[in-house]
Amino acid sequence: MIQTLYNVEEYNEEKIYEAVSKSFEALGVANDLKPGMKVVLKPNLVMAKNPQYPVTTHPAVINAVAEYLHAHGIDDITLAESSGGLYNAEYMKNVYRTCGLKALHPYIRLNMDFSSVSVNCPDNFANHSFNLITPVTNADYIINICKLKTHAMTGFSGGIKNLFGTIPGLEKPQMHYRWPAIEDFSRMLLELAQTVNPNVTVIDAIDAMEGNGPTGGTSHPLHLIMAARDFYTQDYFAAGLMGIEPESIVMIRQAVERGLATPDDITLVGDPVPADLTPFVKPDTHKLDFSGSLPAFLAKPATAVMSHFLKSYPKVDKNICVGCGKCAESCPAHIIKIENHKAKFTKRGCISCFCCQEMCPAKAISVKRAL
Ligand code: SF4
Ligand code: SF4
């Protein structure tokens, strides 16, 4: 597979356009583009957050992709995403505004169709179907534009995980509830990724997130724009750049086991891998996980044993909590109540999905271990 990697120091549109253009030329994207095509851009807009924070895909990267498409005769470009939380006009208008998408390229239409369509899966999938946001099901061509981050539940968020945002609104927490174990949830993500099957995946790693991602971590810039058609192998490659043992991330290990990711077959195009990379701080939920340092045949059983003893639970700091209720709204187990303008958690029934931590705008939720 061809993996492109270009050094881009900051969010400068000209430099990003250069990196995206060179990447797309190397990947042969122009050959795919035909007049009249409906192209969907799928960014990461997990929550309403100013783009100065490394939470969402930066608008300058989205603009550069749109500029390339427009220069190649495409004028039907829709930006479509279902953030964490609700999926309706009021909620998404706030997300678009806060994430800096008001000044996007004039050829990008911000999706305002909040319907969804059920798409059947092949017989050998554990999921019979996925309910996907409508623009994704109508697209002739999908460009996945993710943000590189750590993630409290999955450990890593790149191209595969970004596609979870094609599931509408609060159906996402329901899927956490349906697949509470990381092995099952990761298998679901891979089946979803195969169903959506984006044509190209761009990674915004100019600034990236370490620590308590995907929303509560801190900045760890890599100054990189990457792109590939094979986003499974690209996730393997990108995890390595973060100092993460790729196969310690269950969805990446499963992608290798299923033959979706082929890490022995990477042809790097562009700049060399930077020599001064430093490992990303892991999320608190993964800090005691040493399975990545074990041989592959031991990693899986070790993860199963550790997850039993090291089960993590959310803990709210009542001094920081502002009582907004976003955690309760996103909790699939419905065990969070807002009392006296503060969140109150019950441990019983918690599936440790950390949707609550992900959606907390005040960073009031930390991780507590069972032991
Ligand atoms: S309390 Fe938080 S971690 Fe527990 S089930 Fe609810 S959202 Fe998931
Ligand atoms: S989301 Fe955070 S700030 Fe809002 S109620 Fe929950 S814990 Fe408090």
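These figures come from a predicted structure and were not determined experimentally.

Thresholds applied
Residues numbered from 1 in each chain as written. Chains lettered and ligands numbered in written order. Predicted model: local features only at pLDDT ≥ 70, side-chain atom pairs only at ≥ 80, totals over all residues. Heavy atoms only, no water. Buried < 20%, exposed > 50% of the residue type's maximum accessible area, 1.4 Å probe, protein only. Helix = DSSP H or I, 4+ residues; strand = E, 2+ residues; numbered from the N terminus. Pairing = 2+ DSSP bridges. Right-handed = clockwise from strand over helix to strand, strands pointing away. Phe/Tyr/Trp six-rings, centres within 6.5 Å; stacked < 30°, edge-to-face > 60°. Lys NZ or Arg CZ within 6 Å of the ring centre and 35° of its normal. Domains from an automatic or database assignment. Contact = heavy atoms within 4.5 Å. Buried area = accessible area lost by both parts, 1.4 Å probe. Salt bridge = Lys/Arg side-chain N within 4 Å of Asp/Glu carboxyl O. Polar contact = N/O pair within 3.5 Å; in protein donor to acceptor, adjacent residues only side chain to side chain. Nonpolar A, V, L, I, M, F, W, Y, C, P; charged D, E, K, R; others polar.

## What about the pairing of strand 2 (residues 38-43)?
Two faces make up the sheet, and in a regular strand the side chains alternate between them. Across the 6 residues that make up strand 2, a large majority, 5, are buried. Of the pairings in the sheet, the one linking strand 2 to strand 3 (residues 76-79) comprises 4 bridges and is parallel in character. Opposite Val40, over in strand 3, you have Thr78 as the bridge partner. Taken together, strand 2, helix 3 (residues 59-71) and strand 3 constitute a β-α-β crossover, and its handedness is right-handed. As paired elements, strand 2 and strand 7 (residues 141-151) share 5 bridges and run parallel to each other. Bridging from a neighbouring strand, Pro43 pairs with Ile145 of strand 7.

## Digging into the packing of aromatic side chains
Geometry of an aromatic ring pair is reported as the spacing of the ring centres plus the angle between the planes. All chains considered together, the criterion is met by 4 aromatic pairs. Ring geometry for Phe164 against Phe185: centres 5.4 Å apart, planes inclined by 85 degrees, an arrangement best described as edge-to-face. In this pair, Phe164 sits in the loop between helix 6 (159-162) and helix 7 (171-178) while Phe185 sits in helix 8 (residues 182-196), placing the two residues 21 residues apart along the sequence. The pair formed by Phe164 and Phe185 is uniform in burial state, with each residue classed as buried. Across the ring face of Tyr53, the terminal group of Lys49 is positioned such that the distance to the ring centre comes to 4.9 Å. Sitting over the ring of Tyr313, Lys347 keeps its end group 4.8 Å from the ring centre.

## Digging into the domain arrangement of the protein chain
Under the domain assignment used here, the protein chain contains domain 1 (2-280) and domain 2 (286-369). One C-alpha centre belongs to domain 1, the other to domain 2; they are set 24 Å apart. Opposite the 27 residues of domain 1 that make contact, domain 2 presents 19 residues. With both sides pooled, the region where domain 1 packs onto domain 2 buries about 2000 Å², and carbon together with sulfur makes up 62% of that total. Along the contact surface separating domain 1 from domain 2 lie 0 salt bridges. Connecting domain 1 to domain 2 are 5 residue pairs in polar contact (both at pLDDT 80 or more). The element contributing the most residues to the side of domain 1 that touches domain 2 is helix 7, with 4 residues. Its residues assigned to classes, the side of domain 1 that touches domain 2 comprises 11 nonpolar, 12 polar and 4 charged.

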